[in-house]
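Take a look at the letters that make up each chain.
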Amino acid sequence: MIEALITLTNDENSDVRNWACFGLGQVDAASPEVKDALAARLTDPDDVTFRLELLAAAELADPNLHPLLLRLSQEWAGDDDELMPALAFATSRCHPDAKAQATRVERELVARVNTLLAAQGLTATTVGDYPRTALTFHGVEDSTPLIVFDAIWRDEDPWDYPLEQMAGSYVLSHEDETEDY
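Just so we're clear, the structure is a prediction, and the values are computed from it rather than from any experiment.

1. Points about the packing of helix 5 (residues 66-75) against helix 6 (residues 83-93)
Look at helix 5 against helix 6: their axes get within 9 Å of each other, and the N-to-C directions meet at 145°. The hand of the helix 5/helix 6 crossing is left-handed. Between helix 5 and helix 6, the contacting residues are His-66, Leu-69, Leu-70, Leu-72 and Ser-73 on the first element and Leu-87, Ala-90 and Thr-91 on the second. For the contact of helix 5 with helix 6, a count of residues per class yields five nonpolar, three polar and no charged.

2. Things to note about a negative patch on the surface
Together, Asp-47, Asp-79, Asp-80, Asp-81 and Glu-82 make up a region of like negative charge exposed at the surface. You can see Asp-81 is positioned in the loop between helix 5 and helix 6.

3. Some words on the sheet that holds strand 2 (residues 134-139)
Across the sheet, which stays open at both edges, the three strands sit in the order 1-2-3 with antiparallel pairing between neighbours. Strands at the two margins of the open sheet, each flanked by one partner only, are strand 1 (122-127) and strand 3 (149-151). Taken over all neighbouring pairs, the strand axes of this sheet differ in orientation by 30° on average, direction set aside. Of the pairings in the sheet, the one linking strand 1 to strand 2 comprises six bridges and is antiparallel in character. In the sheet register, Thr-125 faces strand 2, and the bridge partner there is Thr-136. Each of strand 1 and strand 2 touches helix 7 (residues 98-117); the most contacted strand, strand 1, lies at about 165° to it.

Reading the values: the criteria
Numbering of residues starts from 1 in every chain and runs along the sequence as written. Note on the predicted model: pLDDT of at least 70 is required for a residue's local features to be given, and 80 or more for side-chain atom pairs to be given and counted; whole-chain, interface and lining totals, by contrast, use all residues. Heavy atoms from the whole structure form the basis of all side-chain values; hydrogens and water molecules are not counted. Orientation is described by lines fitted to C-alpha atoms, with helices fitted over the stretch in contact, and by angles between N-to-C directions that extend from 0 to 180 degrees. A run of H or I in DSSP becomes a helix once it reaches four residues, and a run of E becomes a strand once it reaches two; helices and strands are each numbered from the N terminus. Crossing chirality is assigned from the near helix's rotation relative to the far helix, an anticlockwise turn below a right angle marking it left-handed and a clockwise turn marking it right-handed. When checking whether two residues touch, look at their non-hydrogen atoms; a contact exists if any pair is within 4.5 Å. Classification used: nonpolar for Ala, Val, Leu, Ile, Met, Phe, Trp, Tyr, Cys and Pro, charged for Asp, Glu, Lys and Arg, polar for all others including Gly. Patch membership requires over 30% relative accessible area and the absence of a salt bridge. Like charges are linked within 9 Å, and nonpolar side chains (Val, Leu, Ile, Met, Phe, Trp, Tyr) within 5 Å. Per-residue and other accessible areas were derived by the Shrake-Rupley procedure at a 1.4 Å probe size, with only the shown protein chains allowed to occlude residues. For this analysis, a salt bridge means a side-chain nitrogen from Lys or Arg found within 4 Å of a carboxyl oxygen belonging to Asp or Glu. His is not counted here, nor are the chain ends, while Lys and Arg score as positive and Asp and Glu score as negative. Lysine's charge is taken at NZ, arginine's at CZ, aspartate's at CG and glutamate's at CD. At least two DSSP bridges between two strands are needed for those strands to be called paired.

Here it is in structure tokens:
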């Protein structure tokens with residue numbers, strides 16, 4: 001399926017390219033071939049396809065895409081259209097230091113969430129790796145994780161993560177689960 005989607009990213013029809021890029025983003029494919037196919041579409045003349053490519057680049061958070069995204073940012077400096085926020089987000093998430101920054105944020109987030117959860121008898125830990133890191137929750141006395149995973153990096157930037165807001169949100173969303181502990 002992934003090979004077919006890669007092939008379709010070069011289709012002459014922009015709708016086909018658009019859906020192929022969307023499909024690649026949905027299957028979390030991260031092979032070099034997928035990254036090359038997505039990078040090739042970053043210069044697609046169709047704005048919808050280009051926007052999906054930026055979203056896919058942000059989802060992959062691959063530092064290898066950063067130089068291309070930087071070049072596009074420089075070429076488009078001064079533009080004020082709907083693509084610029086997506087380009088800025090993708091560029092930030094693909095920054096070579098983004099994973100290290102995300103790891104720092106994740107440690108701070110887990111510490112803050114656990115401080116807030118202490119009275120509820122729950123504790124949080126991370127699973128996965130940036131940009132697909134999630135929080136999982138379990139009882140303080142029981143290390144078996146609940147079947148709940150809250151994605152940390154759904155639409156967030158590691159340099160502009162609203163730590164207090166997100167920590168509070170995670171705690172509020174798991175208050176009902178304390179009845180089991």
